[in-house]
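Residues per chain are reported as follows:
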Amino acid sequence: MAGTIAWAVPVTPTLRRSGRRTTSDAGRWLGLRPAFGRGRRAAPAPRMSGDQLPPPVAVVGAGWAGFTAADELAVTAGTAADAAAGIDVLLVDAAAAPGGLAASWKANDPPTAGVATTTTTTSAPPPVRAAGAPPPRRTVEAGIHGYWRCYTNALALIRDRLRIADGDLFTPYTPSVLHTWAPGEPPGTPSTTVTAPVFGALPRAPTPVATAVGAAFDATKLPPADRASAVGLAAAWADFGTGASAAGAATAADSGWARWDKTSARALCGRAGVSERLYAHFLLPLLLVLPMAPGERLSASAALSCFAYFALGRQGDFDVRWLRGASGALLFGPWRSRLAGLGVATRFGDRGRVVRVAPSAGGGGGGALTVTLTDGPRGAGGAPAPTRTVDADAIVFAVGISGMQALVRSSPWLAADAQFRGFANLSAVSVVAVRLWLSAPVSLPGGPAHVCGGGAVPGLADVGWTLYDLTRLQDEYAAEAPGTVLEADFYHAAPLLPLPDGPLVDLVLAAVAAVAGTPALPPSAVTAVAITRLPAAVSHFAPGAMDALPHGVAAAGLGGVYLAGDWVDRAGHPSWSQEKACVTGLAAAAAVVDGGALGLSAAAVAAAAPRRTPVMPVPPPEPHVAAAAAVARAVRGVGAGWRGVLGGVLPLPLEF
Ligand SMILES: Cc1cc2nc3c(=O)[nH]c(=O)nc-3n(C[C@H](O)[C@H](O)[C@H](O)COP(=O)(O)OP(=O)(O)OC[C@H]3O[C@@H](n4cnc5c(N)ncnc54)[C@H](O)[C@@H]3O)c2cc1C
């Protein structure tokens, strides 16, 4: 019989590590289990060995990391005939819409009440609407998300588990246009542009030749000498290493990430001889929209990892495509249904926010945990929400940096652990996402996706932003023509958070005009707007952050506690992205099954192994890139005394 997660209502027996459940115990539990026993087979065949019942796991946070972990746990620990016969899995999220930072929802729905989303407003109704008709259910997303070619794990999961055909989910790869304005350029100055074609479609050449030749640079603002100043970065890039060996593994102190962690990306550019113009017109906007911080506030490791992973390992790495509709409808809705079919219980919104985690009475240290979560909305006048508790033998925190910091503050047991207390030294980047419905046609030259940075739009210095023509990207908006639906996402955007909606919309209209090269549309052209403010939402890799990041998915000092998410370090994979979240979700699920907290027999662990989805390493770089990394390794490998000498005389930004 399947194990269950026990709700701590007064008569519920509590799972103790010293007295693991028996079949008869579980029978009593089934009767008490409130929300998520439905749809189970009455008496599924036991999958685990002996009379030991499989224990429960709580996955907290239902973004990419949490969904992946819950799915993998259900698949590996279940049976082919009835996955629910395995480990009981509960997936919870404080937001009403599944998907975390990649979620979508309807603006007209009740507020999503997520920890990430603070405000969603829809202002004016559309101009043409039959009298008495309800306002249209407008889709909102917490920012538009791209899927790069190198997301092998996430893409395989979508294909093999969710069985969604590529063409039903994604647009074709699109070109991207980079727009920049150097500091001091007055408002109205036309942007300096670099157009990145779909590099994978170009004739093959050793990378980054195709990037250098195929990208259309503005020759007056970025003359060849400035472009050539990027060469210095190549040595640092080789020294950092590429692929799984260095950018991702980061298990040893000698990893590329560790060596470059305490240097800022700005200092790296200085040491590498990158010209001010190349930094302002090319590197800065990429840093602002990918790792989402300017060079001074970003570790050189994060910048190098970003370039190694997204651009420089293989031709075509920079190519990106987009969901052709809302993530909720296309991805997380079907995924949630799949999880239900696998027997995973879910709780979202007011009934899904975990407020505290503690060892169960008589447990602790070994894994039996009590998880307290909300069980309804806040009371009148802001009174605390009602709560209930659930016992679990293991917990996977897939809550992001800010979510984890809040849980440490509210959970003395977590706060007693030095690593978890140290998470307070990390920070997260704020993002604002604005979706505009415009009555007028707007033409963004060069394609539907634009990446922008620089100060010519007042209020946007040090802010990176992307602008998407959703009428061209998403099927549901094609019918809005001749009107236009645009999405402007602002990164490193804390100063924009307090702006009221009106001035924020004015700012977006100015940004649109700067990209389109036209006068700003009047606010009356805006028929509706949805604004999502995401304070401290995205993982920030500041110089020196590495020590405070989780060292892998298993919490060293707390039995039964695991971590997943795009900020988990030393997880065998670079980047901070949906792919990284997916990879760490897979790794956390494997660690839960293998770890001792569940008390599984060796036979049970062995039985789960063939069903496991192995994490695919980052695709290897092209041979000449790997050779350059090997040379850099060899240079570093010379004796300690020589290293200091070499570091002083070589005109290369090697980090000894
Ligand atoms: C505007 C924007 C654009 C982006 N663009 C891209 C892109 O183009 N490509 C890309 O790959 N990545 C992109 N990213 C990054 C990507 O969204 C993240 O890397 C990824 O979604 C992180 O997933 P996660 O599961 O680690 O965490 P999250 O998605 O942050 O999920 C954490 C979840 O935990 C929940 N939670 C927190 N605390 C609690 C609690 N106490 N109880 C219950 N639940 C809790 C939250 O509600 C949230 O749903 C972008 C991000 C933003 C904001």
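Remember, it's a predicted structure, so these values are computed and weren't measured experimentally.

Caption draft 1: Molecular detail of the overall build of the protein chain. In terms of helices and strands, the protein chain carries 23 helices and 21 strands. A buried classification covers 55% of the 656 residues belonging to the protein chain. If you take every contact in the protein chain between residues at least 6 apart in sequence, the share linking residues at least 24 apart comes to 73%.

Caption draft 2: Geometry of the sheet that holds strand β2 (residues 56–60). Ordered by their spatial adjacency, five strands build an open sheet running β11-β3-β2-β15-β21, and the pairing between neighbours is parallel. Two strands in the sheet have a free side with no partner beyond their single neighbour: β11 (345–348) and β21 (561–563). Sheet twist, expressed as the mean angle between neighbouring strand axes with direction ignored, is 20°.

Caption draft 3: A look at unusual backbone geometry. Cis geometry marks the peptide bond from threonine 207 to proline 208, where omega comes out at 5°. Along the chain, proline 208 turns up in the loop between β8 (192–196) and α5 (209–214). Geometrically, the link from alanine 481 to proline 482 is a cis peptide bond, its omega value of 10° lying close to zero. Residue placement: proline 482 occurs in the loop between α18 (475–478) and β19 (484–491). For arginine 163, which is not a glycine, the phi torsion comes out positive at approximately 55°. Position of arginine 163 relative to the elements: it lies in the loop between α3 (152–160) and α4 (166–169).

Caption draft 4: Region of interest: the packing of helix α7 (residues 231–240) against helix α12 (residues 300–312). Relative orientation of the contacting elements α7 and α12 amounts to 95°, with a least axis distance of 10 Å. Here α7 is positioned roughly perpendicular relative to α12, judged by the angle of their axes. Every residue of α12 that contacts α7 at Ala236, Trp237 and Phe240 is listed here: Leu304, Phe307, Ala308 and Leu312. Residue composition of the contact of α7 with α12, by class: seven nonpolar, no polar and no charged.

Caption draft 5: Fine view of the site of the ligand. Taken together, 41 residues surround the ligand, and among them Gly61, Gly63, Gly100, Gly143 and Gly403 come closest. Of all the secondary-structure elements, those providing two or more residues to the shell around the ligand are α2 (64–77), β3 (88–93), α14 (400–410), β16 (427–438), β20 (526–540) and α20 (578–594). When the residues that make up the shell around the ligand are grouped by side-chain class, the tally is 23 nonpolar, 14 polar and four charged. Each of two domains, domain 1 (20–97 + 330–376 + 385–423 + 543–611) and domain 2 (116–141 + 427–540), supplies a minimum of three residues to the shell around the ligand.

Conventions used here
Residues numbered from 1 in each chain as written. Predicted model: local features only at pLDDT ≥ 70, side-chain atom pairs only at ≥ 80, totals over all residues. Helix = DSSP H or I, 4+ residues; strand = E, 2+ residues; numbered from the N terminus. Buried ≥ 20, exposed ≤ 12 C-beta atoms within 10 Å, placed from the backbone. Contact = placed C-beta atoms within 7 Å. Pairing = 2+ DSSP bridges. Axes fitted to C-alpha atoms, helices over the stretch in contact; angles between N-to-C directions. Parallel < 35°, antiparallel > 145°, perpendicular 65-115°, else oblique. Nonpolar A, V, L, I, M, F, W, Y, C, P; charged D, E, K, R; others polar. Near = placed C-beta within 6 Å. Domains from an automatic or database assignment.

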